[in-house]
Structure formats: structure tokens, C-alpha cells
Amino acid sequence: MASGRRWRGPLSVAAVAALALSMAACGGSKSNTSTTSGNPDDGSQLTMWVRSATDQFSQRLVDAYNKSHKNKVALTIIPNDNYLTKVGAAAGSKSLPDILASDVVYTPNYTKQGLFKDITSDVKALPYFSNIAQSHITVASYQDKIYAVPHKLDSSVFFYNKDLFKKAGLDPEKPPANFADILDYARKITALGNGITGFDLAGSCGGCGVYTLFPYAWADGREILSDGGKKVDINNDSFKAIFKLYKQLSDEKLVDSSDKAQDGATWPANFLAGKVGMLPLGSPIVGDLLKQTKFQWGVTALMSPDGSKTSTFIGGDVAGISATSKHPAQAWDFLKWTLDENAQVEIIAKNGDLPGRTDLTGNKYTAADPRTKLIADGLKNGHTPFALPFGDLFNNPNGPWVATIRAALYGPDIDKALADGQAKIQAGLDAAN
Amino acid sequence: MSLTTTRAGAGTPTDAAVAQRRKRAAARRPLTGLLFVAPTAAIVAGLFLVPLAILVYMSFTDWPLLANPTPNGVDNYKNLADDSQFIGAITFTLLYTAIITVVLYLVAFVMVAIANSPRRGSRFYRTAFFLPYVIGTAAASTMWWVDSNDSLGVFNKALKSAGLIDHPVGFLDTPNKALFTVISLVVWKFVGFQMIVLLVGVQSIPGELYEAARVDGATTFQQLRYITIPGLRPTLALLTVLSVTGSLLAFDQFYVLTHGGPDNSTMTVVLALYNKAFQSFRLGEAAAEAVVLLVALILLNVIQMRLLRSREK
């Protein structure tokens with residue numbers, strides 16, 4: 001008897017677990033999963049993971065949702081570098097959170113591995129479906145199914161410090177128009193001395209390179225990643241011109257001395273402190289720039305070397321419901337709420353961030369400031385690169401793209417660096433596809 | 001080897017009853033002994049042997065994160081031979097182990113000389129040298145990362161205000177500088193432990209030996225060569241095993257401080273393994289690397305133990 005009773009506990013737990021698993025599995029296979037007949041705002045406890053790059057942004061959304069709903073979302077912020085690891089380990093042990101955000105460039109990995117629940121019908125049922133940022137929907141789709149929606153939309157642009165422009169005798173209303181201007185202005189601003197540099201670059205950061213270097217080449221008409229992420233093209237004249245400029249900026253010490261070891265962690269700090277003249281980065285620092293009163297700043301689009309065209313990297317994060325979530329309906333309630341006009345305008349746009357819907361780019365906050373308007377308008381020329389092993393090849397600090405950047409900037413031969421990088425990245429794409 | 005002598009007493013019974021009782025006790029002993037070790041055995045099996053078996057199985061499969069693994073024979077091991085990052089990591093790890101073992105000894109000996117002197121304040125030095133050891137490696141590495149930064153760090157500021165440099169050094173900019181920075185961190189953090197162990201060893205050598213040597217007219221060097229070093233032999237053996245094994249498994253300091261850079265020049269075997277598993281998600285190949293590392297460590301420790309034993313004789 002006793003032994004029988006002892007075993008019943010674990011068995012019934014196992015039975016419940018098996019039942020839950022089979023239900024989750026059923027849920028995964030049906031297309032219409034999340035919406036149930038009842039009210040999804042039933043006081044459920046939801047968990048959500050985001051990377052540290054979006055911490056305050058996500059926190060604002062979660063706080064506002066928790067305040068106005070019975071459901072409560074508990075947000076966990078994970079350091080950027082550890083995100084893949086943490087998600088990988090959690091996926092292996094089936095302990096993913098209900099809502100999982102992901103850097104757009106990693107998303108193809110997750111959709112392919114089945115980490116997200118299929119939410120195609122829910123997303124398509126939204127009245128503003130056609131206005132949701134298509135760049136994000138594309139990376140969140142796999143084999144014609146949608147697995148996530150935009151969480152944060154950001155876009156890379158070229159910032160400059162108007163005060164330093166004035167001091168260096170430049171017109172603060174005339175940002176650089178091409179690569180020759182950038183070099184010329186950088187020299188003039190660096191000449192001010194006092195630890196001020198004309199430019200700042202991150203020589204050990206693959207993600208930074210993708211975010212701010214790819215748009216120069218896109219603007220110059222290069223596709224970079226094509227054929228569904230199976231082909232790469234970095235061994236071309238556009239990238240030669242880009243690295244020639246950056247190498248010159250580094251060689252002439254027109255950048256902060258930390259450039260070689262800069263892994264991105266403290267990259268914007270010098271510009272935000274008013275010590276850097278020009279910095280290519282993205283909309284995520286606009287919030288900080290709007291808050292500071294030390295200096296006047298301006299913004300322009302990232303341009304092709306000759307300045308004839310512009311482009312941008314549309315980055316950011318998507319959020320989806322994990323395949324193992326026990327509260328898909330409630331999780332969808334949260335995701336849907338973040339896409340509503342109120343959250344998009346009154347929380348996201350109000351803080352200087354970009355709305356994730358094209359029909360809202362003209363909202364009162366974004367349109368009020370010509371700088372945020374310029375960033376929002378630039379989205380139409382933007383790209384989001386797609387490749388299955390993107391993180392491994394481009395973001396990985398030990399990967400081939402970082403090696404290419406470093407060889408081109410600090411090695412003797414740009415042509416050879418690009419040829420080597422092209423071969424290694426293509427080999428990585430071949431191995432993964 | 002020495003087990004044969006422990007039960008020698010049982011062979012010479014003085015009284016039949018006693019012998020009988022002993023025999024019964026001896027027969028019961030294995031079972032009782034097994035019961036005593038059972039909890040530990042269960043823990044070892046559950047937390048070490050089973051995961052180890054899974055790891056070995058993993059190394060013979062293509063193991064994705066979510067889908068089912070498919071066995072692929074020895075492909076993972078074959079791929080290792082062509083993996084330049086893994087081969088480079090092995091070379092670097094051996095180099096790092098050699099450097100760090102020697103440097104740690106040199107610095108520790110100097111510190112022992114200071115901390116062992118009868119002068120006032122030697123207790124203070126002992127504590128001061130040991131303190132960094134109580135900081136976690138990851139925390140210490142983060143400290144070093146901030147401190148070696150060009151604009152935030154205290155190292156550059158100190159050197160600048162001392163008038164030694166005009167421009168920031170860029171402590172992590174080149175492979176050699178990055179290696180130097182890591183070594184300085186490891187020495188700062190671990191030398192205190194090395195010193196304490198050596199100090200205990202030195203103080204356990206009887207003072208009379210030195211007195212006798214001095215009476216016989218031995219020089220300081222002779223005292224070191226014929227009394228101190230032979231007396232420290234077991235201590236040195238222990239420290240060498242710890243230092244070599246620890247260095248071969250080095251991870252935290254490189255992961256936090258250099259990410260294996262610049263240009264993958266400071267990539268250790270464990271870091272390469274970690275990257276393969278959690279950056280590239282090639283779990284099968286990472287498991288194969290882990291198995292190779294495990295075998296290498298076992299071999300190395302067997303060799304070290306052998307050398308240690310023959311020295312004792």
C-alpha cells in the first residue's frame with residue numbers, strides 16, 4: 001500500500017505533464033492557437049525575456065500593460081552577449097518564458113528551430129496587419145508562417161554634434177554629404193584638441209559593423225546577403241571604399257583611442273558626453289540624446305561613398321510566444337496590446353523610439369521633431385539582412401566578420417582582408433544551408 | 001598498494017571466538033561499507049556518470065537544440081581535426097598554461113620571502129597578498145575589464161599621472177597586450193593562494209636543519225638547494241597539478257576580459273568549446289571537443305601523478 005501511494009504522486013505529476021505537453025503539441029500544430037473564446041485578461045502570470053539592448057523600452061511597455069490589465073507580465077532582462085546561450089539552454093530544457101523577444105538577426109534561427117508558436121492567423125486578423133513593419137514580419141516568417149511581431153524597431157543613422165561643428169568652423173546645419181566630407185570634418189573637429197575626436201568607431205564589434213557599415217554599401221547598390229541568405233558579397237568596391245575611409249580615420253587618430261578594443265559596450269558614451277563630432281549609430285540613443293542638454297545634435301542618413309543615395313539598417317527585436325508557453329492566449333493579448341495605437345504612440349513614439357507600424361510614423365511625437373521624422377522617413381530605404389547563421393557569422397566576437405573588420409582596419413591590406421572574409425563567411429553560409 | 005598491510009592483524013588469531021567474530025564482521029563489512037558510500041555513489045552517478053555518458057553519446061550525434069538528435073558516427077571527431085579554431089585554442093592554452101605556471105611560481109616565491117620574514121608588518125602583507133583570492137574570477141575579470149579601459153579605467157589614469165605614458169596604453173588592443181593583461185589579472189588573483197600554500201610548506205621545515213647547515217658553513221644558496229626545495233617537494237607537486245589543471249580549463253577571465261580576442265588570439269579550449277555549443281549551437285561537435293579535453297586531462301594528470309610518485313621514492 002505504502003509503496004503504491006508513494007508512486008502515485010510522481011505518476012500523476014507525470015501524467016499531467018504529458019497531458020500538458022500533448023496539449024501544447026496540439027496547439028503548435030493548429031494554426032489558430034492563441035485566441036480562445038474567453039477573455040484572455042484573466043489575471044495570468046506571464047513571463048517575458050528581452051535582451052539588455054531593449055531593457056528600458058520593454059520595461060515601459062510591460063509597466064503600462066501591468067497597470068491596465070489583470071494579467072501580469074514579469075520581465076527578465078538578459079545581457080546581450082548571453083541571450084543566445086540562455087535561450088539555447090532554456091529551449092533544451094523546455095523552460096522558455098511565455099513571451100520571447102529576439103534580435104531580428106537571430107530570429108531566423110529561432111523560427112527554424114521551432115522555438116516560437118505559429119501565430120499567423122492572429123497576426124493576419126489584425127485590422128492594421130498590412131501596416132506592421134514588413135522588415136520584421138519577413139524575418140519572423142518561416143515557410144509562409146508568421147511566428148512573431150515587431151517588438152522594437154530601430155534604424156541606423158548618422159549623428160553629429162552641432163556645437164563641435166560650430167567650434168570647428170563648420171556649418172552646423174550642413175551634415176557631411178559623402179565620405180570626403182566625413183574625413184574632412186573629422187580632421188577639423190579632431191584639431192580642436194582637448195580629447196575631442198571627429199569620429200568614433202568600434203573595431204571589435206561585429207554587430208556595430210553590420211548596423212552602421214552595411215547601409216553605406218546598400219546605399220551604393222550592393223545587396224550584401226542575397227538568395228535567401230545563401231550568398232554574401234562583401235568583396236566589392238563599396239566595402240573597399242568604406243574600409244579605406246575607416247582605416248584612414250583610425251590611422252590618423254581621428255577616432256577615440258579605444259577603437260581597437262571597442263566591443264560596442266561603451267561605444268555611444270563618448271558621443272553622449274559631447275566628446276565626439278560624428279557617430280554612426282541608431283535610433284535607440286535618440287531617447288538619451290533628447291534628454292541631455294549639454295549640446296545640440298543633428299542627424300542625417302547613412303550615405304553611399306559618393307553621397308548620391310542613402311540607406312539604413314532596420315534592426316530591433318521581434319517578440320513571439322514560445323512553443324512551450326502554457327498561456328498563449330494571454331501572451332497574445334500582451335503582444336496585441338503593444339501593437340495598438342495607444343502603446344505605439346503614447347509609449348514608444350513619445351520616448352523618441354520608432355513605432356512598429358508604418359501607418360503611425362506620422363504621429364504627433366515623431367513628426368514634431370525633424371530629426372525623429374528624418375529617421376522614420378528613412379525606413380523606406382532600409383534593409384534587414386537575412387541569414388540562418390547570422391549571429392554566428394556576423395555578431396560572434398570570434399566570427400569571420402569581426403576578423404574581416406579588424407584585418408581591414410588594422411592589417412596591411414584591405415583587398416586581401418575582404419577576399420579572406422568573403423571566403424570565410426560564404427563557407428559559413430554554405431555549411432548552414 | 002599499501003592496502004595489503006592494513007588487515008594483517010586478522011591473520012594471527014589468539015582465540016577461536018575472536019577469530020569467528022572477526023570473520024563475521026569482515027563478511028558484514030562490505031555490505032555496511034556499501035551502504036555508507038551509497039548516498040555519495042548515487043550523487044556521483046546522478047551528477048557525474050550519467051551526464052558523462054550523455055556527453056559521450058552526444059559527441060557521436062548531430063544534436064540540434066530542439067529536434068531529435070541523429071547519430072553521425074565519428075564525424076564530429078573528424079571535423080575537429082580540420083577545425084583551425086580548436087587547434088589554435090589547444091596551442092594557445094598550452095602556451096598560457098606554461099607561462100602562467102612559471103610566472104605564478106616566480107611571483108609567489110618573492111612574496112613568500114617577504115611574508116615569511118620575521119620583520120614587523122609581514123602579517124599585513126600575508127593578508128594583503130591573499131585578499132584578491134576571495135574575489136570570484138568573473139567579478140575580478142569585470143574589474144580588470146573596466147580598469148584597463150582607455151577612458152574609464154584606473155590603470156591608464158595611474159600611469160598617466162605617474163608621467164609614464166602620454167596616450168592610453170590600450171591594454172586589450174593587440175594579442176600580446178591582451179595576453180599580458182590576462183596574465184596580470186590571474187597572477188594578482190591567484191598568487192595569494194599559491195603563496196599561502198608555499199608559506200605553510202616552508203614553515204613546516206624544521207628550523208634545526210637550517211641551524212645545522214649554518215654550523216656546517218652552508219651558504220644561503222646551498223640551504224635553499226638542499227633543505228628548502230627538497231622539503232617543499234610535495235607542496236610544489238600539489239601546486240603544479242592545481243595550476244596546470246586550472247590553466248588548461250581557463251575560461252572566465254578570457255570570456256569576460258577578451259572574448260577570445262583580439263583576432264581570436266586568446267581563445268582557450270574551454271572558450272572554443274563554449275562558443276561552439278552556445279554561439280554556433282553545434283552541440284555534437286562541442287561534446288566531441290569536451291570528450292577530447294577530458295581524455296587529455298586524464299592522461300596529463302596520470303603522467304603528473306606518476307612523476308610525483310617516483311619523485312617521492
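Keep in mind that what you see is a predicted model, and the values were worked out from it rather than measured. (Residues numbered from 1 in each chain as written. Chains lettered and ligands numbered in written order. Predicted model: local features only at pLDDT ≥ 70, side-chain atom pairs only at ≥ 80, totals over all residues.)

### Section: the domain arrangement of chain A
Residue and element names in this part refer to chain A. When the domains of chain A are assigned, the result is domain 1 (17-154 + 315-376) and domain 2 (155-314 + 383-432). For domain 1 and domain 2, the distance between their C-alpha centres works out to 29 Å. Across the boundary between the two partners, domain 1 contributes 22 residues, which contact 20 residues of domain 2. Within the residue set of the side of domain 1 that touches domain 2, elements represented by two or more residues are helix 4 (107-112), helix 6 (134-139), strand 6 (149-161) and helix 16 (370-377). Tallying contributions element by element places helix 16 first for the side of domain 1 that touches domain 2, with 4 residues. Across the side of domain 1 that touches domain 2, the residue classes break down as 11 nonpolar, 7 polar and 4 charged. (Domains from an automatic or database assignment. Contact = placed C-beta atoms within 7 Å. Helix = DSSP H or I, 4+ residues; strand = E, 2+ residues; numbered from the N terminus. Nonpolar A, V, L, I, M, F, W, Y, C, P; charged D, E, K, R; others polar.)

### Focus on the domain arrangement of chain B
For chain B, the domain assignment lists domain 1 (11-58) and domain 2 (76-312). Its C-alpha centre places domain 1 of chain B at a distance of 38 Å from the equivalent point of domain 2 of chain B.

### Observations concerning the nonpolar core
One finds Ile99(A), Leu100(A), Val149(A), Phe159(A) and Met278(A) to be the most contacted residues of the largest nonpolar core, which totals 119 residues. Broken down by element, this core gets its largest block of residues, 9 residues, from helix 9 (residues 206-219) of chain A. Split by domain, the residues of this core number at least three in each of domain 1 (17-154 + 315-376) and domain 2 (155-314 + 383-432) of chain A. Apart from residues no more than four positions distant in its own chain, Val149(A) is found in contact with Val123(A), Ile132(A), Ala140(A), Val318(A), Ala319(A), Leu335(A) and Leu339(A). Counting 45 residues, the second largest nonpolar core, distinct from the first, contains Leu104(B), Trp145(B), Val186(B) and Phe190(B). (Core = buried A, V, L, I, M, F, W, Y, C linked by C-beta atoms within 7 Å. Buried ≥ 20, exposed ≤ 12 C-beta atoms within 10 Å, placed from the backbone.)

### Let's talk about the interface of chain B and chain A
Listed per partner, the contact involves 23 residues of chain B and 20 residues of chain A. For the side of chain B that touches chain A, a count of residues per class yields 9 nonpolar, 11 polar and 3 charged.

### Thoughts on the packing of helix 3 (residues 84-115) of chain B against helix 4 (residues 122-130) of chain B
All names here are of chain B. Axis separation between helix 3 and helix 4 bottoms out at 8 Å; the angle between their running directions is 150 degrees. By the criterion of interaxial angle, the relationship of helix 3 to helix 4 is roughly antiparallel. Facing helix 3, whose interface residues are Met111, Ile114 and Ala115, helix 4 presents Ser122, Tyr125, Arg126 and Phe129. (Axes fitted to C-alpha atoms, helices over the stretch in contact; angles between N-to-C directions. Parallel < 35°, antiparallel > 145°, perpendicular 65-115°, else oblique.)

### Some words on the packing of helix 9 of chain A against helix 10 (residues 237-251) of chain A
Each pair of packed helices can be described by the angle between their axes along with the distance between the axes. Residue and element names in this part refer to chain A. At their nearest, the axes of helix 9 and helix 10 sit 9 Å apart, and the two run at 135 degrees to each other. Taken together, helix 9 and helix 10 sit at an angle that is classed as oblique. For the element pair helix 9 and helix 10, the recorded crossing hand is right-handed. Side by side, helix 9 and helix 10 meet where Leu213, Tyr216 and Ala217 of the first sit next to Ser238, Phe239 and Ile242 of the second. The class makeup of the residues in the contact of helix 9 with helix 10 is 5 nonpolar, 1 polar and no charged. (Left-handed = near helix turned anticlockwise from the far one by under 90°.)

### With respect to the pairing of strand 13 (residues 310-321) of chain A
Residues and elements named next belong to chain A. Of all 12 residues in strand 13, 11 are buried; the element is thus mostly enclosed. With 5 bridges connecting them, strand 3 (residues 99-103) and strand 13 associate as antiparallel partners. Within strand 13, the residue paired with Ile99 across the bridge is Ile321. In this sheet, strand 13 lies alongside strand 6 in antiparallel orientation, the contact comprising 6 bridges. Each residue of the ladder has a partner; that of Lys152, found in strand 13, is Asp317. Note that strand 12 (residues 302-303) and strand 13 share 2 bridges and pair antiparallel. If you follow Leu302 over to strand 13, its bridge partner there is Ser311. Connecting strand 12 to the next strand, strand 13, in antiparallel fashion are 6 residues, including Gly307 with a positive phi near 85 degrees. Here strand 13 runs beside strand 14 (residues 382-383); their pairing, made up of 2 bridges, is parallel. Residue pairing for strand 14: Phe313 is matched across the bridge by His383. (Pairing = 2+ DSSP bridges.)

### Thoughts on unusual backbone geometry
Residues and elements named next belong to chain A. Despite not being glycine, Asn194 shows a phi value in the positive range, around 65 degrees. For Asn194, a count of 5 C-beta atoms within 10 Å gives the class exposed. Phi is positive for Lys253, close to 55 degrees, though the residue is something other than glycine. For Lys253, the location among the structural elements is in the loop between helix 10 and helix 11 (269-272). Looking at Lys253, the number of C-beta atoms within 10 Å reads 13, which means it is partly exposed.

### As for the confidence of the model for chain B
Residues and elements named next belong to chain B. Of all residues in chain B, 89% have pLDDT values of 70 or greater, and the mean over the chain is 85. Looking over chain B, one finds the lowest element-wise mean pLDDT in helix 1 (residues 16-58), namely 83, and the highest in helix 7 (residues 175-203), namely 93. Across residues 1-11, confidence stays below pLDDT 50; counting only partners more than four residues off in sequence or on other chains, it has 1 contact. Reported confidence for the predicted complex is 0.74 by ipTM and 0.79 by pTM. (pLDDT = per-residue confidence, 0-100.)

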